[in-house]
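# Observations on the model geometry
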Amino acid sequence: MTTRFHQPIAALLLASLPLLAACSQKAQTPAEKAAAAAVPGAPPGGADDVMARQATASNVREANDLVEFAYSYPVDAARIPALAKWLDNDRVVKRDALIAEARRDRAAAKKEGFPYHAHSYIQSWKRVTSTPRFLSLSSEIGTYMGGAHGMQSFDTLIWDRGSASRLKPLDLFTSPAAFDNAAKDDLCVGIERAKTARGVTWSREPGSPFSACPVPSAQTIWLGSSDGRYLDRLTIAIGPYEIGPYVEGSYTINLPMSGALVNAVKREYQRDFLPIN
């Protein structure tokens, strides 16, 4: 399937935007907002607090004959100076890498007498939830490097206001193995259900392509909240080719925040989780 370079990326991103709502949460009450501000690592008072409140979402875009590049993050992240600084640096790194590879490929195409198609990288960070302790972000990434179609991947980030540090969801669990043991059965059931909803039969016969249930910790994990206070929602994002051919696209599987999952959380974070019975 040959498409223009921006079309597959836009389609992939737009197709999965509604799925982010599965991890959204209710608006915080004034009391909850006050509690969040009191957490160590929250923006300080005075002029710094005013600047943080005045921060706006970031959306950088660039398009020319060489590349298409876009990188955005929400106001919730912009209001945390240390996190915004990391995201801005990540944007520069991703842009530089895209341009370097695009220049190499354009030079090679010219040498071999082939047409060059502009490369692209589009990354959009969105808020999954904000609790008194954590800001949880999800990210969808669309890339095109001159082939028949673009690709979609995912990323994840959690900002711990208590320690003013950037974490991955797995950092909150005792080990990847403990997370896998707690999540694998629910993930397999969720994939089966999602494939059935798309009219896809999932062959589990040994030797069949894509027959194996993926390792949960090897996928992208998004942690969410239904009440703005506790982490009680979990989504696993799975990119193309992981559990099916490209034409199936990506999957986002919502898992129950089971007691087994909460038991696999590190002790210092367990008070921030709420199992669903």
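Residues numbered from 1 in each chain as written. Predicted model: local features only at pLDDT ≥ 70, side-chain atom pairs only at ≥ 80, totals over all residues. Heavy atoms only, no water.

You'll find the protein entered in an unreviewed UniProt entry as Deacetylase PdaC domain-containing protein, with Sphingopyxis lindanitolerans given as the organism.

## Comments concerning the overall build of the protein
Rules: Each helix corresponds to a stretch of at least 4 residues labelled H or I by DSSP, and each strand to a stretch of at least 2 residues labelled E; elements are numbered beginning at the N terminus. For each residue, the accessible area found with a 1.4 Å probe, counting protein chains only, is set against the maximum for its type, and the residue is called buried under 20%, exposed over 50%, and partly exposed in between. Should any heavy atoms of two residues lie within 4.5 Å, those residues are considered in contact. Per-residue and other accessible areas follow the Shrake-Rupley method at a 1.4 Å probe size, with only the shown protein chains counted as cover for residues.
Looking only at helices and strands, the protein has seven helices and nine strands in total. Here the protein holds 277 residues, and 46% of them are scored as buried. Of all intrachain contacts in the protein linking residues separated by at least 6 positions in sequence, the fraction that spans at least 24 positions is 62%. With an accessible surface of roughly 13900 Å², the protein has 55% of that area assigned to carbon and sulfur atoms.

## Points about the pattern of salt bridges
Pairs can form between side chains of opposite charge whenever their charged atoms are close. The condition that has to hold: Here a salt bridge means any side-chain nitrogen of Lys or Arg lying within 4 Å of a carboxyl oxygen belonging to Asp or Glu.
Under the criterion given, the structure shown has 11 salt bridges. With its nearest N and O atoms 2.7 Å apart, the salt bridge here joins Arg-95 to Glu-62. With a gap of 33 residues between them, Arg-95 in helix H5 (residues 81-112) and Glu-62 in strand S1 (residues 58-63) connect regions that are remote in the sequence. Since its relative accessible area comes to 22%, Glu-62 is described here as partly exposed. Between Asp-272 and Arg-133 there is a salt bridge, with the nearest N and O atoms lying 2.8 Å from each other. Taken together, the residues span a long stretch of sequence, with Asp-272 in the segment after helix H7 (259-263) and Arg-133 in the loop between strand S3 (119-130) and strand S4 (134-144) at a distance of 139 residues. On the basis of relative accessibility, which here comes to 7%, the residue Asp-272 falls in the buried class. Given a relative accessible area of 15%, Arg-133 falls into the buried group. Residues joined by salt bridges that share partners form a network here, namely Arg-133, Asp-160, Arg-271 and Asp-272.

## Quick notes on the sheet that holds strand S9 (residues 251-256)
What counts here: Criterion used throughout: strands pair if DSSP finds at least two bridges between them. Every axis corresponds to a line fitted to the C-alpha atoms, with the helix fit spanning only the stretch in contact, and the corresponding angles, defined between N-to-C directions, vary from 0 to 180 degrees.
One open sheet accounts for three strands, arranged S7-S8-S9; its pairing is antiparallel. In this open sheet, the two strands that pair with only one neighbour each are strand S7 (220-224) and S9. Between one strand axis and the next, the sheet turns by 25 degrees as a mean value, whatever way the strands run. Both S7 and strand S8 (residues 233-238) contribute to a ladder of five bridges, which runs antiparallel. By the bridge assignment for S8, Trp-222 is matched with Thr-235. Against the sheet, helix H6 (residues 176-197) contacts S7, S8 and S9, and its axis sits at roughly 125 degrees relative to S9.

## Quick notes on the sheet that holds S3
Ordered in space as S1-S2-S3-S4-S5-S6, the six strands form an open sheet in which the pairing is mixed. Where the open sheet ends on each side, the last strands, each with one partner, are S1 and strand S6 (165-167). Each adjacent strand pair in this sheet contributes to an overall mean axis angle of 20 degrees, direction not counted. Pairing analysis gives 10 bridges linking S4 to strand S5 (residues 151-160), with the strands arranged antiparallel. Of the residues in S5, the one forming a bridge with Ile-141 is Ser-153. Against the sheet, H5 engages S1, strand S2 (67-73), S3, S4, S5 and S6, with an angle of about 170 degrees to S2.

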